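Structure assessment
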Amino acid sequence: MSTEKAIMTVRGLRKYFPIKGGILGRTVKNVHAVDGVNLEVFAGETLGVVGESGCGKSTTARLLMHLIEPDEGALYFDGKLVGSPELPLKEYRRQVQMVFQDSYSSLNPRLTIEDNIAFGAKVHGTPAREALERTHDLLNRVGLDPVRFAGRYPHELSGGQRQRVNIARALALRPRVIILDEAVSALDKSVEAQVLNLLADLKEEFGLTYVFISHDLNVVRFVSDRVMVMYLGQVAEIGDSEALYDNPLHPYSRALLSSMPSMDPDNRTMEPALTGDPPNPIDPPSGCRFHTRCPVVSPICGGAEPALTQRAAKHLVACHAHDPDSGYTAPSPKEAAE
Amino acid sequence: MADATLNVPIVPAVRSAGYWQNVGARLVRDKTAMAAAAVLILLTLAAIFAPLIAPMDPLEGRLINRLRPIGTEGHLLGTDELGRDMLSRLIWGGRLSLLMGVTPVVLAFIFGSAIGIIAGYAGGWTNTLIMRTVDVFYAFPSVLLAVALSGALGAGLGNALLSLTVVFIPPIARVAESVTTRLRSSDFIEAARASGAGAFTIVRVHVLGNVLGPIFVYATSLIAVSMILASGLSFLGLGVRPPNPEWGLMLNTLRTAIYVQPWVAALPGAMIFMVSISFNLLSDGLRSAMEVRQ
Amino acid sequence: MLGYSLRRIIYTAPVLLGVSVVCFALVHISPGDPLISILPADASVELQERLRVLYGFDRSLPEQFILWLGRALQGDLGTSIATGRPVTTEVMRAVSNTLMLASVATVIGFVLGCFFGFVAGYFSNSPLDKAASAAAVFGVSVPHYWLGMVLVIIFSAQLGWLPAAGAGPGGSSQWRFDMEHLRYMILPAITMSVIPMGIIARTVRALVAEILAQEFVIGLRARGLSEFGVFMHVVKNAAPTALAVMGVQLGYLLGGSILIETVFSWPGTGMLLNSAIFQRDLPLLQGTILVLAMFFVVLNLLVDILQSALDPRIKR
């Protein structure tokens, strides 16, 4: 991490998806996909985002990219409000790019590889010839020989090759931040490692900042400087990668990390693993959203919502157990065992 | 990156065949479709060069020669109720019949695609408004709507074309809307939006190339229906007016002759049938050539 | 199921309203003053004005529409210019004839279509399939009015077996169920059945081939179920869709009978439309089309609801 300067700042981000129902198709309920997320992304870092499926990781990514409009909240880039005259959306989108999970559906099947990559640059007014030159240069950098690949179509490439194309496409606008939404999750393990190495090299080369979203805790630990743990549309915990993995503060993070298979037989955690499915995000639990599954739940947890507060160096957590003033009372070991 | 040396662009050694090239190659191997295409090309050429190849004037006949059988000396396919040469009238009739059958689908393809793609890409209230309007027209059986509109507008080639176009816009718009809506949530459309492209550019570069194919195939399957309907309107006296040669109209005026020269009377219908079945077979071939997933 | 039906019914209301707007507009898109069609040719200016007020043509279009719709809802579709009788009476008499013809044609088309479709789907890619598929293509490609003519040529003009036109002996205008009337129905019904035959055959072929390729059928065979048992399974799975297609086809035939009725001089809605067009009898044209379109919409609604009841996979 080079500096502690925030390149992206998110304040109070909220997105509910309406569920239409009834005879007249009115909104009857809302899915609380992202509910009050605050976060900073520092220049030059890799911020990992983890959580179970349905916790709002991908919605957060799409909100960061402004692909969907937030219901509430503001997004600042370089201290400037995105979408304001100071930083129009189009200009923001040149600075921030995204790589999707599905390498096939994120490329236009009717365009050649080079046309897929060059599209963004052309949109931003780069002359066709220059865009093409840049495309071939990028193909080289992501390890695909343009002589062999530029004129092909997406279906002729393997998944790993396609994801390299997607990375080249994201780089074609010379962005400063790349959001990787489960970008390596669909790849075979060996290919995944190659792509992760490529991402590390490119980060070095172009001075990039990554927001790395994944359900794979090992991969996130491997690539991230800091890690954010999400649960039901909210941030449970955020902190430096080493600190968070070694000493998770939130009971959810502890449970999540304990589900990771450990290589070291002496280092097995005795934490109870998570049981059951996460609650329905349509009617999230009151108070702390984790209290229905929390092994150390206290009466206070179902009432007040814990705030995300700094509890250690650069380590923030939203849990009453870590707040001496919350009125939290630890359950007796017997209760905890039940 | 900003000062990366820009080399001379590398010319790719491998240029894969595009989607349409592959479809074309598969279609050419389809014997039935090719036979159908040959029939259509032949009939179209005959219609275009009618003045050169028709043995006689299609409008001039002598009543003394009326209703001669097939194989009459000088009138290979006989004569009609006014003594006009059937062969010449059938060749000339291809002009108006093909024009009336194909034009409405072409127009409906243009307008229907535009309407459907706009509705599909815009989504939300725009979609609801457009598609509910389309549903109203879709709620009429096609024959009924065509007859109703041209019946109200009055007989004539222009009115018949207009009515048929209105009939075919709703089904095409529905198909266009559904393929566009399905495409809209694709990641590559999201990626295109993420690269800052406006709606118009995305539709032009990313949507059209992916939706026009399926819409086109659907439209080709409507040409056969359109041929039958268009000639049907003339058959009812709502399309082309006499004495112009048009297969549907010829069929109508020859109806009275079925007890005298039945097989001459049936000829114009056989032409409509031949064109309609050829379009159906060609459309089927095109569909299966496109179905192979790339 | 109940919720879906209710939603589907509510959704149909605006479509019906739209359909009535289109029917209302028919009179107004026709060239010239709508009054001309009602007036005697030598009407005085004074009479013209009186009638204009009487028929409400002096009011704004929305007002006219509401008045017209109000009358139509009470069963008053105006008066036929040609016959002077109420349009409703004329249409209802014609509808029963058309409905009879279209129903018989649909049943014939359904039986033949299912037969061809099953054969083609069961023996997929065999010569039998090719032949059945050819029959299906024939059905959807043949201009049915021409087919009617050819059948008349063969069975009436040449062989003299069946009557060429009309609904019954002596220019009977009302079809009745007796041998004589039945003879009159054979040719038009067969002609009309060709379209649903082709479409149902195509649908059933695709359905059967798809069902047979599914793993549960392979499983059934593996467990030793007889071929007849497998066949019954296929029937059970294909039936809802095939029946739905049949229902929709009946609607198309009701609305699309004009050409065939013209060929056979069948005294149904098609003939009515035909004469309305040639006498420029706009109230009759408008009324007939409104009734047929309403039939079509309601039939589609019923088919949808019935299909969702029959097919447990459809949970809408």
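Now for a look at the structure at hand. For clarity, every value in this text was computed on a predicted model and none was experimentally measured.

Turning our eyes to something else, we now look at the overall build of chain C. In terms of helices and strands, chain C carries 12 helices and 0 strands. In sequence order, chain C lays out its α and β elements as α-α-α-α-α-α-α-α-α-α-α-α. A total of 316 residues make up chain C; the buried ones form 40% of that total.

Turning next to the packing of helix H6 (residues 142-153) of chain B against helix H12 (residues 282-310) of chain C. For the pair H6(B) and H12(C), interaxial distance at closest approach is 11 Å and the crossing angle is 165°. Judged by the angle between their axes, H6(B) and H12(C) are roughly antiparallel. Helix-helix and strand crossings are classified by hand; for H6(B) and H12(C) the assignment is left-handed. Contacts from B:Leu144, B:Ala148, B:Gly151 and B:Ala152 in H6(B) reach C:Leu285, C:Ile289, C:Leu292 and C:Ala293 in H12(C). Partitioned by chemical class, the residues of the contact of H6(B) with H12(C) number 7 nonpolar, 1 polar and no charged.

Next up on the list: the nonpolar core. Soluble globular proteins: nonpolar side chains tend toward being buried together. Formed by 258 residues in total, the largest nonpolar core has its most connected members in A:Ile179, A:Val211, B:Ile172, C:Ile200 and C:Ala293. For A:Val211, the contacting residues outside a window of four places in its chain are A:Val41, A:Leu47, A:Val49, A:Leu64, A:Val177, A:Ile179 and A:Leu180.

Turning our attention to the interface of chain C and chain B. Listed as interface residues are 37 residues of chain C and, on the opposing side, 34 residues of chain B. Where the side of chain C that touches chain B is concerned, the elements lending two or more residues are helix H1 (2-29), helix H5 (127-141), helix H6 (144-158), helix H9 (227-256), helix H10 (258-264), helix H11 (269-278) and H12 of chain C.

Quick look at the environment of A:Ile19 now. Residues and elements named next belong to chain A. Relative to the helices and strands, isoleucine 19 resides in strand S1 (residues 6-21). On the basis of neighbour count, isoleucine 19 is assigned to the exposed category, with 11 C-beta atoms found within 10 Å. Counting along the chain gives 263 residues from isoleucine 19 to isoleucine 282, while the straight-line C-alpha distance between them is 8.9 Å. In this structure isoleucine 19 touches Thr27, Val28, Lys29, Asn30, Val31 and Ile282, once residues within four positions along its chain are discounted.

A word on the packing of helix H2 (residues 31-48) of chain B against helix H4 (residues 86-122) of chain B. All names here are of chain B. Look at H2 against H4: their axes get within 7 Å of each other, and the N-to-C directions meet at 105°. With respect to H4, the element H2 is oriented roughly perpendicular. Of H4, the residues touching H2 (which contributes Leu43, Thr44, Ala46 and Ala47) are Ile91, Gly94, Arg95 and Leu98. Partitioning the contact of H2 with H4 into residue classes produces 5 nonpolar, 2 polar and 1 charged.

About the cut-offs
Residues numbered from 1 in each chain as written. Chains lettered and ligands numbered in written order. Predicted model: local features only at pLDDT ≥ 70, side-chain atom pairs only at ≥ 80, totals over all residues. Helix = DSSP H or I, 4+ residues; strand = E, 2+ residues; numbered from the N terminus. Buried ≥ 20, exposed ≤ 12 C-beta atoms within 10 Å, placed from the backbone. Axes fitted to C-alpha atoms, helices over the stretch in contact; angles between N-to-C directions. Parallel < 35°, antiparallel > 145°, perpendicular 65-115°, else oblique. Left-handed = near helix turned anticlockwise from the far one by under 90°. Contact = placed C-beta atoms within 7 Å. Nonpolar A, V, L, I, M, F, W, Y, C, P; charged D, E, K, R; others polar. Core = buried A, V, L, I, M, F, W, Y, C linked by C-beta atoms within 7 Å.

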